[in-house]
Structure formats: structure tokens, C-alpha cells
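# Examination of the molecular architecture
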Amino acid sequence: MTKVSQLDATYDYIRNKLTHGDLEPGEKLSRRKLAEEIGVSPALVQHALGQLEKAGLVECRAQSGTYVRELTPEEFANLCDLRELIEPYAAARAAERITEPQLKILESSCRRYRSCETRISQSQSLSARELWNLHSELIDEERIFHGTILSAVGNELLTTLIQSLRLLAQVRHDFAKCSLARNA
């Protein structure tokens, strides 16, 4: 594997960990641990983290290390404003181009999402772990639903922009933590 493809794979690996909520906002990232997980050098991980910092997903603190970025309430509100402007356009474009198989994916995703919502509304009998798992399922369904719409858009630049905004605004940990606190 070339250095460039190793860097791309390292970047993608860490970005996927961020996307799937495996790394929490504010969490310190260990170059050595990530390098061992991926099977690359810590220097390559450092380079990938530098790219992720440029994308605004992590922050490097002098003499402290690299951390998963936490958004301020104002930054989060600004991202939501941007999404409110861009996502309706994407939905309109997707509606013009969506295929039957993609529609079936959306229908299935909506059914699964409603099922999760119903189980959450009956959460008084669920453990904190079961409730956490249901919230994770909801987030996964949202990813499937919006990913299918973005796939139907057929505009790679728009897809990349929206995915970046969604990733920056990822609140999986805080969303589930606040919901669990309310229901405890």
C-alpha cells in the first residue's frame, strides 16, 4: 500500500470512528493507540489528525494532545442554520432523481425509526442500557435515511458539504446522555 493510500485509510478510519460516535466530544486521542488499531505508524496518524483538524473535527492543544472537537452552543446553532438552508435544496434535488430501490430504503428506514420511537415512548420499563441502545438505533436510522437522500441527489460536492456539517454537529453522546437523565 502506498503512503498516500495508507494516509487515506488512516484518515477514513478515524473519521468513521467520529461518524459512528465511537469517539466522544472532548475525548483525548492517542496517536499510539490509533496507530496500533490501524496498523500504521504514529507519524501517519499524526498527519491524518492534522487533516481532521483542518476539517474542524478535532483540535490540537499545545502540550496537551489532540481531542475530539466540542462545539459551543453558538457553533452548533450556526451549523443548524446552515443545514436548514442546504438540506431542503438537497431533498428537492433528491425528489427529482430518486429511484424505486432508494424509495424502498427510505420506507424501511421510516418504519424502523417509528418502531424505535414507540419503544422509547414506553421507556419507563427499559434499563438505561436499553434506552441508550434505542437512541443509537435512532441515530443509525437517521444516518441511513439522510444518506439515501444524499445518494439520490447525485451531487458529490453537496453530499460532502452536508456530511461534513452533520459530522460537525454530531451530538450522539450528549443527545443520549440528556435523554437518559430526563428518564432516570
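Here the structure is a predicted model, which is why all the values come from computation and not from measurement. (Residues numbered from 1 in each chain as written. Predicted model: local features only at pLDDT ≥ 70, side-chain atom pairs only at ≥ 80, totals over all residues. Heavy atoms only, no water.)

Our next topic: the overall build of the protein. Summing up its helical and strand segments, the protein has eight helices and three strands in all. Counting from the amino terminus, the protein carries its helices and strands in the arrangement α-β-α-α-β-β-α-α-α-α-α. Taking all 184 residues of the protein together, 32% fall into the buried category. Sequence separation of 24 or more characterises 71% of the internal contacts of the protein that already satisfy a separation of 6 or more. A total accessible area of about 11,300 Å² is found for the protein, and carbon and sulfur atoms account for 54% of it. (Helix = DSSP H or I, 4+ residues; strand = E, 2+ residues; numbered from the N terminus. Buried < 20%, exposed > 50% of the residue type's maximum accessible area, 1.4 Å probe, protein only. Contact = heavy atoms within 4.5 Å. Areas by Shrake-Rupley, 256 points an atom, 1.4 Å probe, with all protein chains shown as cover.)

Compared with the 38 Å implied by 1.5 Å per residue over 26 residues, the 38 Å span of helix H6 (residues 128-153) between its first and last C-alpha is a close match. Here H6 has its buried residues at Leu131, Leu134, His135, Ser136, Leu138, Ile139, Glu141, Thr148, Ile149, Leu150, Ala152 and Val153. Positive phi appears at Gly154, one or two residues downstream of H6, with a value of about 75 degrees. (Expected span 1.5 Å × (residues − 1).)

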